[in-house]
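Chain and residue survey
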Amino acid sequence: QVQLVESGGGLVQAGGSLRLSCAASGRTFSSYNMGWFRQAPGKERELVAAITWSTGSTYYADSVKGRLTISRDNAKNTVYLQMNSLKPEDTAVYYCAARRVGVKMYEAWGQGTQVTVSS
């Protein structure tokens, strides 16, 4: 199974930018579809962006479309989440997750990285 470690979180003012990284190790990274989730205090964890292994097709939650961009570098075993025009409501713990191609549920999770957006 793949192991995931996130980095890049922090405190930023509204309107600012952050780039999260998720480094994978273990099994073949390039055979996994990847996603970024977030969980704010008192709320359920939600999928905000995802990217497929084969075609690089992406998915975005409506709340982040046009502001967040997911990308991956299979050579570096890393997936990124570029976050622009951040809003206070983006404040959450962000998790990287992976699932094998053909598997519906995400199977591996990182430890999470805190993103705090001040107004």
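Please read all numbers here as calculations on a predicted model, not as lab measurements. (Residues numbered from 1 in each chain as written. Predicted model: local features only at pLDDT ≥ 70, side-chain atom pairs only at ≥ 80, totals over all residues. Heavy atoms only, no water.)

Should their charged atoms come close, side chains of opposite charge can pair. According to the stated counting rule, one finds 5 salt bridges in the structure shown. K65 is the partner of D62 in a salt bridge, and the nearest nitrogen-oxygen pair spans 3.1 Å. Comparing D62 with K65, the two get one shared label, exposed. With a closest N to O distance of 2.4 Å, R100 and E107 form a salt bridge. Exposure remark for R100: the relative accessible area of 44% places this residue in the partly exposed category. Within the structure, one salt-bridge network assembled from shared partners comprises R38, E46, R67 and D90. (Salt bridge = Lys/Arg side-chain N within 4 Å of Asp/Glu carboxyl O. Buried < 20%, exposed > 50% of the residue type's maximum accessible area, 1.4 Å probe, protein only.)

Quick look at the sheet that holds strand β3 (residues 18-25) now. A sheet is described by the order of its strands in space; here 4 strands give the open sequence β1-β3-β8-β7, paired in antiparallel fashion. One side of each edge strand has no neighbouring strand; the edge strands of this open sheet are β1 (3-7) and β7 (68-73). On average, each strand axis in the sheet is inclined to that of its neighbour by 15 degrees, with strand direction left out of account. With 5 bridges connecting them, β1 and β3 associate as antiparallel partners. Residue pairing for β3: S7 is matched across the bridge by S21. (Pairing = 2+ DSSP bridges. Helix = DSSP H or I, 4+ residues; strand = E, 2+ residues; numbered from the N terminus. Axes fitted to C-alpha atoms, helices over the stretch in contact; angles between N-to-C directions.)

Now for unusual backbone geometry. One non-glycine residue, N77, adopts positive backbone phi at about 55 degrees. Among the residues examined, N77 registers a relative accessible area of 28% and is labelled partly exposed. Not every positive phi belongs to a glycine, and S85 is a case in point at roughly 50 degrees. Relative to the assigned elements, S85 resides in the loop between β8 (78-83) and β9 (92-100).

Quick look at the side chain of T78 now. Here T78 lies in strand β8. A distance of 2.8 Å separates a polar side-chain atom of T78 from the backbone oxygen of K76. (Polar contact = N/O pair within 3.5 Å; in protein donor to acceptor, adjacent residues only side chain to side chain.)

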